[in-house]
Amino acid sequence: MTDISAGSEVRVRFAPSPTGYLHVGGARTALFNWLYARHTGGTFLVRIEDTDLERSTPESVQQILDSLEWLGMTPDEEVVYQTRRAPEHKAYVDAVMASGHAYHDYCPKEKLEALREQAKTEHRAFVYRRGLLTEDEIERFKASGEPGVIRLRAPETGNTGYDDLVYGRIEAPNETIGDFVIARADGSPLYNFTNAVDDMDMGITHVCRGEDHVSNTLRQVLVYEALGRPTPQFAHLPLILGTDKKRLSKRHGATSVMQFHEEGVLPEALLNFMALLGWSPEGSEPEEVMSLDRLVEAFTLEKVNKSAAVFDYDKLHWMNGMYIRQLPKEEIYKVVVPALDEAYGAAGGPGDEPPGRAQWLRDIIDLEIERSRTMKDFAVNLDYFFAAPTEYEEKAAKKLLSTQEQIDRVRQVTAEIDKAWPAGAATRDEVHDVLDAHLRAWCEANGVKFGQAVHPVRLALTGRTASPPLFDVLYNVGKIDTVARLTALADYAEKRLVVS
RNA sequence: GCCCGGUUCGUCUAGCGGUUCAGGACAUCGCCCUCUCACGGCGAAGAUCACGGGUUCGAAUCCCGUACCGGGUACCA
């Protein structure tokens, strides 16, 4: 077995089968291929493995391509579709038949089943070999009209192996491999054959894929050998698991790339996070938040791990928050303004008051940037700017508004805010500073703790106990609404008092 | 069953025979900042390096075995 000559230009490929959307496992595989290509100045290709007609769909193809594009990993050459390469596949099957490395096999499924069962009870590996059937049997099966499959004739002694760039030497005795099927009875070729043959024709130098393909790689090495062709380098990547250490699936949360998109995860953050699943940069000082350029620069196959990694949504969201805070504000507005429009329409806002709704939207978005972990958080957390709260956090209401004294103070604070609010077109800072100073002075004079005065205001305006700095919220809610909301809270609290 | 892998804090990981009674990050908890939350800063807790044998003056690091987990063993990919 020979390897593709070192030094030639790197060509890698991502080869998904279009039987569903692109999930994080596939996306991580694509990313490692893409990073490796960029790091080495090589070429990144995509091949759609759609030979399973039963399960492949054009929708899946489109979804996978869309997802890759969203992540910014577009192929450097035209996408290859396996089903369009049927003539080439047939030529290779013919070649391997002609050279005696493959043969027709007429063994019916029932007999195979029986053989498998028997092997199991004898604690042996089941391996199919030419010669399992007598000439008589072959003739009889042939005559029955049952179409035969084509099997590759595998060596019976010695070992087959290869050097995995991640796992090291992988080797198995040939007596455990057996003659495997390379083409169905209808002539259509199977994965282990097409995969190897297409990689040859595409000039792939490095096959980088999930760890679930390690065992099959041995079979593919046999295909290369049967064809007398050098093998590419192989690098297998550890699997990605869910929190229960089982293979990541829908019940763990989002698994499809587009689902992360919809949930407001930024592509850069997803990429960064996925890169750290099974890989870490060389060097003594640890890096976690890494730009795409930095990832490309630092990425090597040598630093890929062998063991499976659990997908941690918390850490992804933390990292996404980091990326949101790094984003230029304009980028955030571009996404969040339309999201707010969609969620709330023309509700709320400053009306015709200067500086106008567009600026108002930007102002309130600014308030949530350091508080958001996904792009979706904005619309959820800014709701009170678009409509007065309809309910108040129960625990806070009980604590802050259970005595007449407390309620009276809310009314006093309301009056003070109303009185102190700067007239005319004051800026946010002016409003903030003036109200802050006035209320503090009032608290001082009346022996009220600042927090005591301010907490009910927050509850009145937002319905919650947590929000951006209160006077910034006030500014964007506006004087009239602020007073109205405070009055509403006091009325509500009084009603509760009477009832109880 | 057989073949092939994997196993360091809850999670992602650093570590590639001695400078590590194991470092960082997320999550958790505490303190600071502070009108709350968040951001930021500081700190705490958290790993007998799956287990058992070797090799060695010395092992998370090398070797063997066991356990557990995963993959393959298809006319799926």
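Undergrad: Any chance you could explain the overall build of chain A here in plain terms?
TA: Scanning chain A from N- to C-terminus turns up 20 helices and 12 strands. Projected onto its principal axes, the C-alpha positions of chain A cover 105 × 50 × 40 Å. The buried share among the 500 residues of chain A stands at 48%. Here the analysis covers contacts within chain A between residues at least 6 apart in sequence; of these, 77% occur between residues at least 24 apart. A total accessible area of about 24,500 Å² is found for chain A, and carbon and sulfur atoms account for 51% of it. With 57 positive and 78 negative side-chain charges, chain A shows a separation of 4 Å between the mean positions of the two kinds.

Undergrad: Just checking my understanding: could you explain the pattern of salt bridges for this structure?
TA: Two side chains with opposite charge may pair up if their charged atoms get near one another. On inspection of all chains with the given rule, the structure shows 31 salt bridges. Here Glu122 ties to Arg124 by a salt bridge, and the two come within 2.1 Å at their closest N and O atoms. A salt bridge links Glu416 to Lys419; the nearest nitrogen and oxygen atoms lie 3.4 Å apart. Placement of the pair is Glu416 and Lys419 together in helix 16 (residues 404–420), with a separation of 3 residues, close to one helical turn. On the accessibility criterion, Glu416 (12% relative accessible area) is buried. Through salt bridges with shared partners, a single ionic network connects Arg13, Arg47, Glu49, Arg85, Asp198, Asp199 and Asp201.

Undergrad: Whenever I open this one, the nonpolar core confuses me. Can you help?
TA: Across soluble globular proteins, nonpolar side chains show a tendency to be buried alongside one another. Counting residues in each nonpolar core, the largest one holds 142 residues, and the members touching the most others are Phe311 and Phe385. Tallying contributions element by element places helix 1 (residues 24–40) first for this core, with 9 residues. Filtering out sequence-adjacent residues up to four positions away, Phe311 remains in contact with Val24, Ile240, Leu241, Leu248, Phe260, Phe273, Leu277 and Leu316.

Undergrad: I would appreciate a short explanation of the pairing of strand 2 (residues 43–48) in the present structure.
TA: Put simply, side chains in a regular strand alternate between the two faces of the sheet. Judged by how many residues are buried, strand 2 sits mostly within the fold: 6 of 6 residues are covered. Side-chain alternation along strand 2 places Thr43, Leu45 and Arg47 on one buried face and Phe44, Val46 and Ile48 on a second face that is also buried. Bridge count between strand 1 (residues 11–14) and strand 2: 4 bridges; the pairing is parallel. Bridged to Val12 within strand 2 is Phe44. This β-α-β element, strand 1 to helix 1 to strand 2, shows right-handed connectivity. One crossover worth recording links strand 2 to the parallel strand 3 (residues 80–81) by way of helix 2 (residues 58–71), and it is right-handed.

Undergrad: Would you mind showing me how to read the protein's contact with RNA strand B here?
TA: For RNA strand B, the set of nearby residues contains 67 residues, the closest of which are Asp52, Arg116, Asn216, Glu370 and Arg440. Close to the protein, within 4 Å, the atoms of RNA strand B are drawn from sugar and phosphate at a rate of 72%. Within the side chain of Thr51, one N or O atom sits 2.7 Å away from a phosphate oxygen of RNA strand B. One of the side-chain nitrogen or oxygen atoms of Asp52 is found 2.3 Å away from a sugar or linking oxygen of RNA strand B. At the level of elements, helix 4 (109–121), strand 7 (168–173), helix 7 (214–226), strand 12 (309–310), helix 11 (313–326), helix 17 (428–446) and helix 18 (450–462) are the ones that each hand at least two residues to the surface near RNA strand B. Broken down by element, the residue count for the surface near RNA strand B peaks at 5 residues, all from strand 7. Grouping the constituent residues of the surface near RNA strand B by class yields 26 nonpolar, 15 polar and 26 charged.

Undergrad: Would you mind going over the side chain of Asp436 with me for this structure?
TA: Structurally, the position occupied by Asp436 is in helix 17. Aside from chain neighbours lying at most four places away, what touches Asp436 is Phe450 and Phe471.

Undergrad: Teacher, can you tell me more about the packing of aromatic side chains here?
TA: Given two aromatic rings, one states the distance between the centres and the angle between the planes to describe the pair. Counting across every chain of the model gives 13 aromatic pairs. A ring pair is formed by Trp360 and Phe385, whose centres lie 6.2 Å apart and whose planes are at 85°; its orientation type is edge-to-face. Taken as a pair, Trp360 in helix 13 (residues 357–368) and Phe385 in the loop between helix 14 (377–381) and helix 15 (394–400) lie far apart in primary sequence, 25 residues in all. For the pair formed by Trp360 and Phe385, the shared burial category is buried. An aromatic cluster of three or more residues is present, and its members are Tyr344, Trp360, Tyr384, Phe385 and Phe386. Geometry around Phe32 places Arg28 over its ring, the cationic atom sitting 5.1 Å from the centre. In this arrangement the basic side chain of Arg440 is found over the ring face of Phe450, its NZ or CZ atom lying 3.9 Å from the centre.

Undergrad: Sorry if this is basic, but what is going on with the environment of Ala119 here?
TA: Relative to the helices and strands, Ala119 resides in helix 4. For Ala119, a relative accessible area of 0% puts it in the buried group. Sequence-distant contacts of Ala119, that is, excluding residues within four places in its chain, are made with Arg124, Ala125 and Phe126.

Undergrad: Honestly, helix 18 in this entry has me stumped. Any pointers?
TA: Owing to its 3.6 residues per turn, the α-helix brings residues three or four apart onto one side. Over its 13 residues, helix 18 extends 18 Å from the first C-alpha to the last, a length consistent with the 18 Å expected when each residue adds 1.5 Å. Those residues of helix 18 hidden inside the fold are in contact with helix 15, helix 16, helix 17, helix 19 (470–477) and helix 20 (479–499). Two residues or fewer past helix 18, Gly463 is found with a positive phi of approximately 80°.

Undergrad: Even after reading the chapter, I still don't get the sheet that holds strand 4 (residues 102–105), so can you show me in this structure?
TA: Pairing between the strands of a sheet comes from backbone hydrogen bonds, and it takes one of two forms, parallel or antiparallel. The strand order 4-5-8 describes an open sheet built from 3 strands, whose pairing is antiparallel. Each end of this open sheet is capped by a strand with a single partner; those strands are strand 4 and strand 8 (181–183). On average, each strand axis in the sheet is inclined to that of its neighbour by 45°, with strand direction left out of account. Here strand 4 pairs with strand 5 (residues 149–152) via 4 bridges, running antiparallel. The residue of strand 5 that forms the bridge with Ala102 is Leu152.

Undergrad: Whenever I open this one, the pairing of strand 9 (residues 206–210) confuses me. Can you help?
TA: Across the 5 residues that make up strand 9, a large majority, 5, are buried. As judged from the 5 bridges shared by strand 9 and strand 10 (residues 233–237), these two strands associate in the parallel manner. Paired with Cys208 across the strands is Ala235, a residue of strand 10. What joins strand 9 to strand 10 is helix 7, and the crossover it makes is right-handed.

Calculation notes
Residues numbered from 1 in each chain as written. Chains lettered and ligands numbered in written order. Predicted model: local features only at pLDDT ≥ 70, side-chain atom pairs only at ≥ 80, totals over all residues. Heavy atoms only, no water. Helix = DSSP H or I, 4+ residues; strand = E, 2+ residues; numbered from the N terminus. Buried < 20%, exposed > 50% of the residue type's maximum accessible area, 1.4 Å probe, protein only. Contact = heavy atoms within 4.5 Å. Areas by Shrake-Rupley, 256 points an atom, 1.4 Å probe, with all protein chains shown as cover. Lys, Arg positive; Asp, Glu negative; His and termini not counted. Charge placed at Lys NZ, Arg CZ, Asp CG, Glu CD. Salt bridge = Lys/Arg side-chain N within 4 Å of Asp/Glu carboxyl O. Core = buried A, V, L, I, M, F, W, Y, C linked by side-chain atoms within 4.5 Å. Pairing = 2+ DSSP bridges. Right-handed = clockwise from strand over helix to strand, strands pointing away. Near = heavy atom within 4 Å. Polar contact = N/O pair within 3.5 Å; in protein donor to acceptor, adjacent residues only side chain to side chain. Nonpolar A, V, L, I, M, F, W, Y, C, P; charged D, E, K, R; others polar. Phe/Tyr/Trp six-rings, centres within 6.5 Å; stacked < 30°, edge-to-face > 60°. Lys NZ or Arg CZ within 6 Å of the ring centre and 35° of its normal. Expected span 1.5 Å × (residues − 1). Axes fitted to C-alpha atoms, helices over the stretch in contact; angles between N-to-C directions.

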